[in-house]
Amino acid sequence: MPLFLGITAAAQDDAARRAGTAITEKFPATRTLDVQYETMGSADYDTKVFGSDFEKAAVRNHSRVKISTNISLYKSESQRLFITNTLRYKYETYQYGDIYNYASNSTASRADQNFHYLAESVSATYFSTLFKKPVFYNATVTLDGNEKDLQRVKSLLSATMVLKKTENTTMTIGAVALIDPSSPLPFLPVFTYEHTFGSSPWKIDLILPQRIQFKRQLLENGRLTLGSELNSENFYIDMDSQNLKGIYELNQLELKTGIMYEYSFAKNFIATLKAGLNNVVSSRITEKGERNTDYVIENEQDDQFYFNIGMSYNLF
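Rules of the game
- Counting restarts for each chain, with residues numbered from 1 along the sequence as it is written.
- With the structure being a predicted model, the display of local features is reserved for residues of pLDDT at least 70 and the display and counting of side-chain atom pairs for 80 or more, all residues being used for whole-chain, interface and lining totals.
- Only hydrogens and water are set aside; all other atoms, that is, all heavy atoms of the structure, feed into the side-chain values.
- Comment: elements are numbered from the N terminus, with helices defined as DSSP H or I runs of at least four residues and strands as E runs of at least two.
- As used in this structure description, the phrase polar contact means that two N or O atoms lie within 3.5 Å; if the pair is within protein, one of them must be able to donate a hydrogen and the other to accept it, and residues adjacent in sequence are counted only when both atoms belong to side chains.
- A pair is scored as a salt bridge if a Lys or Arg side-chain nitrogen falls within 4 Å of a carboxyl oxygen belonging to Asp or Glu.
- Partly exposed residues are those whose accessible area sits between 20% and 50% of the maximum for their type, while under 20% is buried and over 50% is exposed, using a 1.4 Å probe and protein chains only.
- In this scheme, strands are said to pair when DSSP sees at least two bridges between them.
- In plain words, nonpolar cores are sets of buried Ala, Val, Leu, Ile, Met, Phe, Trp, Tyr and Cys residues tied together by side-chain atoms within 4.5 Å.
- Side-chain rings of Phe, Tyr and Trp (the six-membered ring for Trp) are treated as a pair once their centres are within 6.5 Å; stacked means planes under 30 degrees apart, edge-to-face means over 60, and tilted covers the remaining angles.

Chemist: Can you walk me through the environment of Glu 92 in this structure?
Modeler: Topologically, Glu 92 is positioned in strand S4 (residues 81-96). Along the chain, Glu 92 and Gln 113 lie 21 residues apart, while their C-alpha atoms are 8.2 Å from each other. At 3.2 Å, the side chain of Glu 92 forms a polar contact with the side chain of Lys 90.

Chemist: Before we go on, may I ask you to explain the pattern of salt bridges in this structure?
Modeler: Between side chains of opposite charge, a pair can form when the charged atoms approach closely. Within the structure shown, the criterion is met by 24 salt bridges. Across the pair Glu 92 and Arg 64 runs a salt bridge whose closest N-O atoms are separated by 3.1 Å. You can see Glu 92 sitting in strand S4 and its partner Arg 64 sitting in strand S3 (residues 52-75), a full 28 residues away along the chain. Overall, the relative accessible area of 1% leaves Glu 92 in the buried class. One salt-bridge network, in which partners are shared between bridges, spans Glu 38, Arg 64, Lys 66, Lys 90, Glu 92, Glu 233, Glu 254 and Lys 256.

Chemist: Before we go on, may I ask you to explain the pairing of strand S10 (residues 169-179) in this structure?
Modeler: Note on strand geometry: in a regular strand, side chains alternate between the two faces of the sheet. In terms of strand pairing, strand S9 (residues 150-165) meets S10 through 10 bridges, oriented antiparallel. In the sheet register, Thr 160 faces S10, and the bridge partner there is Gly 174. Taking the residues between adjacent antiparallel strands as the criterion, S9 and S10 are bridged by three residues. Of the strand pairs in this sheet, S10 and strand S11 (residues 187-196) are connected by nine bridges, and their pairing is antiparallel. In the sheet register, Thr 169 faces S11, and the bridge partner there is His 195.

Chemist: Could you clarify how one ought to interpret the nonpolar core in this entry?
Modeler: Across soluble globular proteins, nonpolar side chains show a tendency to be buried alongside one another. Counting 20 residues, the largest nonpolar core has Phe 235, Ile 237, Met 239, Leu 244, Ile 285 and Ile 297 as its most contacted members. When contributions to this core are tallied by element, the ones reaching two or more residues are strand S2 (43-49), S3, S4, strand S7 (113-130), strand S14 (222-240) and strand S15 (245-265). Top contributing element to this core by residue count: S14, with four residues. Of all hydrophobic cores here, the second largest spans six residues; its members include Leu 156, Leu 178, Leu 188 and Ile 207.

Chemist: Is there a simple way to explain the packing of aromatic side chains in this structure?
Modeler: Aromatic ring pairs are reported here in terms of the distance separating the ring centres and the angle at which the planes meet. Counted by the stated rule, this structure contains 11 aromatic pairs. Both rings, one in Tyr 94 and one in Phe 115, keep their centres 6.1 Å apart while their planes meet at 80 degrees; by these two values the pair is edge-to-face. With Tyr 94 in strand S4 and Phe 115 in strand S7, the pair connects residues that are 21 residues apart, well separated along the chain. Residue classification places Tyr 94 among the buried positions, given a relative accessible area of 9%.

Written out as structure tokens, the structure reads:
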């Protein structure tokens, strides 16, 4: 989803090139190749099943490995239509402390849990004008699943209009519609504002409701970022208990607040370090394909510290 929240580029004679540059600059996962490792510290949590207290415990460690690749499939001669292919892989692992079960009034241990998530997306982006303003339209179809099987087909539609573009300021407005009943945010109006302060090295990068950040150059090829960013995470769970059998999907909204430093080297490589506080805004598990409001399990989790290290390669 961040890719389509972030179409905030300038759109003049070379709209396509500028749009591609702005998107890959803002979102590492949209570059030709991006690899990230993230680890999160201990956090207490409470779980409810069908609205009733089920268990409480602590996640001692939670880590993610993310790999994504983006390849251009087609570009029209007019450079108004682009079709791209994106492949994503994620591996999540959880390590637990002692777990208290409300029903049995007992404490037990749990083995580490590991989850694989894979997604294949084909995206078409078209550059046009409306009311003499540059507009970007996007349609994306995604097939996702786990290491066992393909699970679902999802789609997304978005449109973004550039309201203002000057040397120091870019402002856009748009909307994103996720054709996916399990999504915690199926429809989003999107407003973006990027402004470089005239007498300061800082600039503001605002993408509502996804993030607010302040950025500045630090060292010749480096950039420092401070702020908050809202992201969604999901994966599939194969359950086989008395009340829950079959494939279920976890959808989680996380608000990360902290610091990031990016450094560009060897022309096309970018190294990234991030650290800060992670707040789980919403964490729900639904039966595969069901509405997010019809969840069977809900988790409430305390804030936790996170650390992320990444490496990106951008062919262009």
